[in-house]
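What follows is each chain in one-letter form.
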Amino acid sequence: MEVIIGFGIIMAFLAAGECLSVFMGHFVPGSVVGMMLLFIALTTKVIKPHRIEKVAHFLTGNMTIFFIPAVMGIIDLWGVIKMSWLGWLGVIVLSTVCVMAATGYTVGGMSALQHRREKKGGRR
Amino acid sequence: MIREMLSSTPVMLGLTVGVYLLAVWMRTRSKIMLLNPMLISVPVIVAFLLLFDIPAQHYIQCNSMISFMLGPSVVALGLTMYEQRNTIREYLLPILSAVVVGSTVGVASVYLLCRWFRLDEVFLLALEPKSVTVPIAMEVAKGIGGNTAITAISVALCGIFGGIFGPLILKLLHIKNPIAVGAAMGSASHGIGTARAIELGALEGAVSGLCIALMGVATAVLVPLFNTVIVAPHL
């Protein structure tokens, strides 16, 4: 019963997110809107965390398996990719490293700055 | 007859679950974190489909039940975010600035690298929104006239690459702060990066999940803008 209630709550938020997404002209996907709505509902104590914990931890802990079927589409596209696969992979790898370095260093720099400011006692 | 049996829905579903469990078991048993379940599962399933001449689209259709769970699992990240609400509140400024910088670097690096490698504009348009989770990336690509199939695979590859090598790259770059690690994993490698970040720690996972959502919003605004102002006039 606990699992059904938990899954039901998550599905309800997904459905609400999907409806809102349609209303916003698919600007943000429904699942992301649903995630925001769930976060708001938990913060405002509309939903008690223990109701969904079991199901939510199962879902977030096994996300990889949910991606596997979609990746199989690679088989059908092999003809297009074969021609410039090396450059394509190069862009993917280098750009991913760029984004990682940029976000990592930005967070590191910003939190160092924040710590220094807090140490000085100069909190905004 | 054997082919008909093998291509039935329960067998196709069982293939995904079985191979995934095997991959997870292999990693737990060998204790080699580099043995990403994705890295092992994908070639095995590809080999199976090619061997028995089963169309990829048939496999994807049979597994729509599993793919569907991506939606609920993204929603479930709301709880992960909630569990880290104090940390997120404390580090909101660094994380928000990382997302703004990250999405800009993501789009700009794709543009410059595609020029450098002299790739066809088909790749450029499909790759521009690659620093977001698959469903957002595909919607954004559709908006600027990119090939959504290439986008989906590129995003998956970014995820696999970052999911496997992300922790190593971050170590080489001397990025150790768990919030920085989470932000980098989620921003660069989305769902798969987050799955890996959750394995690294709850804080890393939470920040990573938060960054997926924020990168999605930032990129959905940035890509169409960047494309109209910088890319389109040069095509």
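Thresholds applied
- Residues numbered from 1 in each chain as written.
- Chains lettered and ligands numbered in written order.
- Predicted model: local features only at pLDDT ≥ 70, side-chain atom pairs only at ≥ 80, totals over all residues.
- Helix = DSSP H or I, 4+ residues; strand = E, 2+ residues; numbered from the N terminus.
- Rg over C-alpha atoms; globule rule 2.2 N^0.38 Å.
- Buried ≥ 20, exposed ≤ 12 C-beta atoms within 10 Å, placed from the backbone.
- Contact = placed C-beta atoms within 7 Å.
- Expected span 1.5 Å × (residues − 1).
- Nonpolar A, V, L, I, M, F, W, Y, C, P; charged D, E, K, R; others polar.
- Core = buried A, V, L, I, M, F, W, Y, C linked by C-beta atoms within 7 Å.
- Domains from an automatic or database assignment.
- Axes fitted to C-alpha atoms, helices over the stretch in contact; angles between N-to-C directions.
- Left-handed = near helix turned anticlockwise from the far one by under 90°.
- Parallel < 35°, antiparallel > 145°, perpendicular 65-115°, else oblique.

## Looking at the overall build of chain A
Along chain A, the regular secondary structure elements total six helices and zero strands. Secondary structure of chain A in N-to-C order comes out as α-α-α-α-α-α. Whereas a compact globule of 124 residues would reach a radius of gyration of roughly 14 Å, chain A reaches 21 Å, over 25% beyond that. Principal axes of the C-alpha set define a box for chain A whose edges measure 55 × 50 × 30 Å. Split into buried and exposed, the 124 residues of chain A put 41% on the buried side. Across chain A, every contact between residues at least 6 apart in sequence was considered, and the portion connecting residues at least 24 apart equals 47%.

## Side note on helix α6 (residues 70-83) of chain B
For α6(B), spanning 14 residues, the distance from its first C-alpha to its last is 20 Å, which sits close to the expected 20 Å at 1.5 Å a residue. With 13 of its 14 residues buried, α6(B) lies for the most part within the structure.

## Quick word on the interface of chain B and chain A
At the junction of the two partners, chain B supplies 88 residues and chain A supplies 65 residues. Residue classes in the side of chain B that touches chain A are distributed as 61 nonpolar, 23 polar and four charged.

## As for the environment of G182(B)
Residue and element names in this part refer to chain B. Structurally, G182 can be placed in helix α12 (residues 178-200). Given 34 C-beta atoms within 10 Å, G182 falls into the buried group. Separated by 87 residues in sequence, G182 and I95 place their C-alpha atoms 9.6 Å apart. With sequence-adjacent residues up to four places away left out, G182 is seen in contact with A197, L203, E204, G205, A206, V207, S208 and C211.

## Structural notes on the nonpolar core
With 114 residues, the main nonpolar core has M35(A), F67(A), I95(B), A156(B), A183(B), A184(B) and C211(B) as its most contacted residues. It is helix α13 (residues 202-231) of chain B that contributes the most residues to this core, 13 residues altogether.

## Re the domain arrangement of chain A
Domains assigned within chain A are domain 1 (1-61) and domain 2 (72-124). For domain 1 of chain A versus domain 2 of chain A, the distance between C-alpha centres works out to 27 Å.

## Focus: the packing of helix α8 (residues 92-116) of chain B against α12(B)
Residue and element names in this part refer to chain B. Where α8 contacts α12, the two axes come as close as 11 Å, and the packing angle between them is 35°. In this structure, the crossing between α8 and α12 has a hand that is right-handed. Facing P94, I95, A98, V99 and G102 of α8, the residues of α12 in contact are I179, A183 and S187. Across the contact of α8 with α12, the residue classes break down as six nonpolar, two polar and no charged.

## Structural notes on the domain arrangement of chain B
Residue and element names in this part refer to chain B. Split by domain assignment, chain B resolves into domain 1 (1-68) and domain 2 (70-234). The C-alpha centroid of domain 2 is placed 26 Å from the C-alpha centroid of domain 1. Taken together, the contact between domain 1 and domain 2 spans six residues of the former and six residues of the latter. A per-class count over the side of domain 1 that touches domain 2 returns four nonpolar, two polar and no charged.

## Focus: the environment of S67(B)
With respect to the helices and strands, the residue S67(B) is situated in helix α5 (residues 64-68). What S67(B) contacts, discounting residues up to four positions off in sequence, is F66(A), P69(A) and A70(A).

## Examining α8(B)
Over its 25 residues, α8(B) extends 35 Å from the first C-alpha to the last, a length consistent with the 36 Å expected when each residue adds 1.5 Å. Following α8(B) by one or two positions, R118(B) adopts a phi angle in the positive range, close to 55°.

## Notes on the packing of helix α4 (residues 63-71) of chain A against α12(B)
Interhelical geometry of α4(A) versus α12(B) gives an angle of 150° and a closest axis separation of 9 Å. Compared by their axis directions, α4(A) and α12(B) come out roughly antiparallel. Between α4(A) and α12(B) lies a crossing of left-handed hand. Packed against α4(A), whose contacting residues are M63(A), T64(A) and F67(A), the element α12(B) presents G191(B), I192(B), T194(B) and A195(B) at the interface. Taken together, the residues that form the contact of α4(A) with α12(B) break down as four nonpolar, three polar and no charged.

## Focus on unusual backbone geometry
Backbone geometry at K45(A) places phi at a positive 65°, although glycine is not the residue there. Relative to the elements of secondary structure, K45(A) occurs in the loop between α2 (30-43) and α3 (49-61). You can call K45(A) exposed: it has 8 C-beta atoms within 10 Å. The backbone phi angle of R118(B) is positive, close to 55°, even though this residue is not glycine. Tracing the backbone through its elements, the reader meets R118(B) in the loop between α8 and α9 (121-127). Its 8 C-beta neighbours within 10 Å are what place R118(B) among the exposed residues.

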